[in-house]
Every structure is written in C-alpha cells, then in structure tokens.
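Each chain, letter by letter, is given below.
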Amino acid sequence: MDDAVASERGPDACVRAARGERDALFELYEAHHAHVRAFARRLVGDEALAEDLVHDVFLALPKALESFRGECSVRSYIVSVAAKRAQRWIRTAARRRAMESRFSREPISGPSLPDESAQRREMAEILSRALDTLPVDQRVAFVLCEVEERTSTEVGAMLGEKAATIRARVKLAKTKLREALAKDGGAS
Amino acid sequence: MTDLDALTRALREEHSVEASSEGELGRRRLERAVGRGKRKRRLHLVALLAASFVGVTAWAGTTGRLPRVAAMIEALVASPEEPRDERHAAAPPSAVPAIASVAPTAIASEPIEPPPPPVVSAAPAPKPTVRPAPPPPPPDVDALYREAHAAHFDRKDPAAALAAWDRYLAAAGPSGRFTLEARYNRALALLRLGRRDEARAALEPFARGEYGGYRRDDATRLVESLR
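Remember, predicted model here, so these are calculated numbers, not experimental data.

### Concerning the overall build of chain B
Then step 1. Along the backbone of chain B there are 11 helices and 0 strands.
Then step 2. Its helices and strands in sequence order give chain B the pattern α-α-α-α-α-α-α-α-α-α-α, from N to C terminus.
Then step 3. By residue count, 23% of the 227 residues in chain B fall in the buried class.

### Some remarks on the overall build of chain A
Then step 1. Counting secondary structure elements, chain A contains 10 helices and 0 strands.
Then step 2. Reading chain A from its N terminus to its C terminus gives the helix and strand order α-α-α-α-α-α-α-α-α-α.
Then step 3. With 188 residues in all, chain A has 48% of them scored as buried.
Then step 4. Considering only residue pairs separated by 6 or more positions, chain A has 65% of its internal contacts joining residues 24 or more positions apart.

### Quick look at the interface of chain A and chain B
Then step 1. In this complex, chain A contributes 50 residues to the contact, which on the side of chain B involves 48 residues.
Then step 2. Counting only elements with at least two residues in the side of chain A that touches chain B, the list comes to helix H1 (2-5), helix H2 (10-18), helix H3 (22-44), helix H4 (47-65), helix H7 (115-131), helix H8 (136-147), helix H9 (152-159) and helix H10 (163-184) of chain A.
Then step 3. The greatest single-element share of the side of chain A that touches chain B, amounting to 11 residues, is contributed by H3(A).
Then step 4. Tallied by class, the residues present in the side of chain A that touches chain B amount to 24 nonpolar, 10 polar and 16 charged.

### Re the environment of Arg69(A)
Then step 1. Note on placement: Arg69(A) falls in the loop between H4 and helix H5 (74-85).
Then step 2. Arg69(A) gets classed as exposed once you count the C-beta atoms within 10 Å, which come to 12.
Then step 3. For Arg69(A), the contacting residues outside a window of four places in its chain are Ser175(B) and Arg177(B).

### What to know about helix H7 (residues 141-154) of chain B
All names here are of chain B.
Then step 1. A rise of 1.5 Å per residue sets the reference length of H7, with its 14 residues, at 20 Å; its end C-alpha atoms lie 19 Å apart and thus fit the reference within 8%.
Then step 2. Restricting attention to buried positions, one finds in H7 the residues Val-141, Asp-142, Leu-144, Tyr-145, Ala-148, His-149, Ala-151 and His-152.
Then step 3. Immediately beyond the C-terminal end of H7, within one or two residues, lies Lys-156, with a positive phi of roughly 50°.

### Some points on the packing of H8(A) against H10(A)
All names here are of chain A.
Then step 1. Interaxial distance between H8 and H10 falls to 8 Å at its minimum, and their mutual angle equals 100°. By the criterion of interaxial angle, the relationship of H8 to H10 is roughly perpendicular. Residue-level contacts link Asp-137, Gln-138, Arg-139, Ala-141, Phe-142, Cys-145 and Glu-146 of H8 to Ile-166, Arg-169, Val-170, Leu-172 and Ala-173 of H10.
Then step 2. Classifying every residue of the contact of H8 with H10 gives 7 nonpolar, 1 polar and 4 charged.

### Observations concerning the nonpolar core
All names here are of chain A.
Then step 1. Within the largest apolar cluster, 93 residues are counted, with the highest numbers of intra-cluster contacts made by Val-44, Leu-53, Leu-61 and Ala-82.
Then step 2. Counting residues per element, this core draws most heavily on H3, which supplies 10 residues.
Then step 3. The contacts of Leu-53, once residues within four sequence positions are left out, are Ala-40, Val-44, Ala-82, Arg-85, Ala-86 and Trp-89.

### Here we look at the packing of H7(B) against helix H8 (residues 158-172) of chain B
Residue and element names in this part refer to chain B.
Then step 1. Interhelical geometry of H7 versus H8 gives an angle of 160° and a closest axis separation of 8 Å. By the criterion of interaxial angle, the relationship of H7 to H8 is roughly antiparallel. Where H7 crosses over H8, the two elements pack in a sense that is left-handed. Across the interface between the two elements, Val-141, Leu-144, Tyr-145, Glu-147, Ala-148, Ala-151 and His-152 of H7 pack against Ala-160, Ala-161, Ala-164, Trp-165, Arg-167, Tyr-168, Ala-171 and Ala-172 of H8.
Then step 2. Split into classes, the residues belonging to the contact of H7 with H8 amount to 12 nonpolar, 1 polar and 2 charged.

### Examining the environment of Arg88(A)
All names here are of chain A.
Then step 1. Tracing the backbone through its elements, the reader meets Arg-88 in helix H6 (residues 87-103).
Then step 2. By C-beta crowding, Arg-88 is classed as partly exposed, having 13 other C-beta atoms within 10 Å.
Then step 3. Residues Arg-88 and Val-44, 44 residues apart in the sequence, show an inter-C-alpha distance of 9.7 Å.

### Things to note about the confidence of the model for chain B
All names here are of chain B.
Then step 1. Of the residues in chain B, 70% have a pLDDT of 70 or more, and the chain-wide mean is 73.
Then step 2. Within chain B, the element-level pLDDT minimum falls on helix H4 (residues 95-102), averaging 40, and the maximum on helix H1 (residues 4-14), averaging 93.
Then step 3. A low-confidence stretch, residues 81-112 (pLDDT under 50), is modelled with 25 contacts involving residues beyond four sequence positions or located in other chains.
Then step 4. Note on the complex model: pTM 0.54, ipTM 0.84.

### What about the confidence of the model for chain A?
Residue and element names in this part refer to chain A.
Then step 1. In this model, chain A carries a mean pLDDT of 86, and residues with pLDDT of at least 70 account for 86%.
Then step 2. Per-element mean pLDDT across chain A ranges from 44 in H1 up to 96 in H8.
Then step 3. Throughout residues 1-6 the model reports pLDDT below 50, and contacts reaching past four residues in sequence, or to other chains, amount to 7 contacts.

### Observations regarding the environment of Met158(A)
All names here are of chain A.
Then step 1. With respect to the secondary-structure elements, Met-158 resides in helix H9.
Then step 2. Taking the C-alpha atoms as reference, Met-158 lies 6.1 Å from Tyr-77; in sequence the two are 81 residues apart.
Then step 3. Every residue in contact with Met-158, bar those within four places of it in the chain, is listed here: Cys-72, Ser-76, Val-79 and Ser-80.

Parameters and conventions
- Residues numbered from 1 in each chain as written.
- Chains lettered and ligands numbered in written order.
- Predicted model: local features only at pLDDT ≥ 70, side-chain atom pairs only at ≥ 80, totals over all residues.
- Helix = DSSP H or I, 4+ residues; strand = E, 2+ residues; numbered from the N terminus.
- Buried ≥ 20, exposed ≤ 12 C-beta atoms within 10 Å, placed from the backbone.
- Contact = placed C-beta atoms within 7 Å.
- Nonpolar A, V, L, I, M, F, W, Y, C, P; charged D, E, K, R; others polar.
- Expected span 1.5 Å × (residues − 1).
- Axes fitted to C-alpha atoms, helices over the stretch in contact; angles between N-to-C directions.
- Parallel < 35°, antiparallel > 145°, perpendicular 65-115°, else oblique.
- Core = buried A, V, L, I, M, F, W, Y, C linked by C-beta atoms within 7 Å.
- Left-handed = near helix turned anticlockwise from the far one by under 90°.
- pLDDT = per-residue confidence, 0-100.

Here it is in structure tokens:
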C-alpha cells in the first residue's frame, strides 16, 4: 500500500530542468541514472560506450523535456530518450565486437571471476553479439520488452508507437536472434 | 545449448540496476559539461558584442560619422544621474565637448559651428494614446503545477493539494504535460482526505489500464483495498 501511495515526485524537477535549472537536472540524474545506465548497458552491451550514452542523455535532457507530455512516467521518458539517441553507440559497440571476434573467437571476459559470474557475463556477451544482427528499432523493442520486462503498451507509449508494432518488432527480433544464435552455435 | 530466455536473463542480471561508482563519476562529468556549456555561451555573447562594436566603428570611420557615433556611445554610457529624456529637450551643452574630446585634432582647425538643432526636439510631443486593456494572460500551468506539488509534497496538506490539482487540471486540460501525474496525485489527495469513493473512482481508470501501464499496479492494489 505504501508503495502504491508513493506519488510522482519527478515532474516538478522536469519543469525546472526544462527551464534550464541545473539543480533540477542533477535531481533527475540522482533519481534515475541507475536505471538509465542499466538500460544503456543492456542495449549497447559495452560499459564505456553506455556511460557515454548516459552522459549524452542527461546533457540533452533539458531540451528533450520540452516535448514531454506525460505519455509515461518520468523515468520511462528518460529511458526513451536514451533509446532514441542510442544508435551511434550501438553501431560503435557492434564494430568493436566485430573486430574483437575477428581476432579471437573467444569472448573477452574479465579476470578471474567466480564461475557463475563468468558464465553470466559470457552469456550476456553472446546475446549482445547476437543483438548486433538486428536493426536498431527491433533491438530497442527487444531490450525494453524482454530484458527490462516492460509491457508492449508501455514501450509503445515511450516510443510513440502502437503496442502492436512493438509486439511485432519483438517477435521478429526473437526469430532473428534464434537464427543468429543457432548459426553461432551457441544457443537454440 | 543455451536458450534465448536464459541469455536474456543473463543480460538482465549482468547489468542490474544498482548504485555504483559510475553514478558519482557520471555526475561529476555532467557537472563539468554543464559548466562548460555556460562558459561557452558567455564567450559567444562577448565575441558577438565585440564583433558588433568593431563593425560599427569601422563603418563610422569610413563614412565620417565616427564623432557622432562616439557621442552616441558616450551618451549611452553616461552617468545615471543624467535624465534619460534629455534628447527631448534642447541640445545639451555637453554635446560639443563630447565630440571634441573624442577627436580633438579633427575639429580643432575648423571653426566651431553651433550644433544642428536636434531633430527629436522639433517633433511635436506624442499624443497620449488610449490602448485597449490587454487580454488577461493565459494561466501559467507550470506555476499551478508547482503550487500543487508544494501543497502535496512539501506542506503535505491534502485539502490544499486537491484544490491545487483541480486548478492545474482545469488549466492544463486533458493533454497537459503532467495531466497523468496530476490525476494520480489528485486521487491520492482524495484518499488522504478519507473520500474513499471518489478516490476509488479516480483510481479505477489507472487500474483498468486506460493510461497504459502508468501506475496500473499501484492503482489496482489501491482500488482493491478500497472495496
């Protein structure tokens, strides 16, 4: 009940941030950066480039908030800004991964991780490489719906698309991912 | 063999939402970038003003209007004690010395002529015009939102918050930027005032998903608890 009664505190900061108030921008950063960062890492699959994307999103946020009309929550809106600006970083990350796999078929993993963590990281990298085979709109839809477990209605509101369009993109993405993974010999 | 669901789960867990040192580093980076942006804008403004000044001076120099432009600039930056509407009165006695002080060699050899009568002073005084009263300004919806927000969150006064949310909603309309948040917060204000039936009626559209996934789960729990 307490969670349910928690009101939306973000919009006031949005109004002030859109007017160019620095403090409001940092309030929004403190409240939402962790979610935006997690989304950016899942989408881009490269921590350094994801960090650049987060930086870019919050720099562009005051301007982006001018067109915020309350279609979704503030957090979802900021994530949608990240989704719309991600293309450049996705391409760079995909090029980087392609170069890595040209030199070595083995994914580059961190030093001496526990088995479980190492396996999880490896699996995440396999999926990131497979995601590189998708067009950006399908990739974004897949990450928002399947990885972040948002509904197609919510994602549709975030991206300004119909829920049915989002569902179709996710379905196509899954088919292509299965094909890519089968070709790679890593998954079914 | 690993299935797609397992890979998806791995990607989700590998980059989970958690506080990390990147948060603080990212904030510092953002602070630097925002500060740089301000400095850059200030420099652009200064450069623009300097370029304008150089342009005007060059133009005035080639067309022989430099003394007059100098006098105008001097009048503009004159001490604030001087009355502003001096230009409506007769030519001030300081006009000639001002020109002389800018270019003394240029006018020293020439006989000093009385300055031409100021054009502005010859013009008849403008007739007072009666303008129709301007239409009342549209309500500042952002100010209304801030007012409601302060009553709701800072003062925690549900009665004042309810009235303020109503004012915001009336001004912003159904397509207002924060209409959704305002409707939800209004429902909570009703709940805090003990007006359970009205609160339930206000929450039901959220629970039915009429606004997509926005606060749907919370609203559903609240509506169930209000039955």
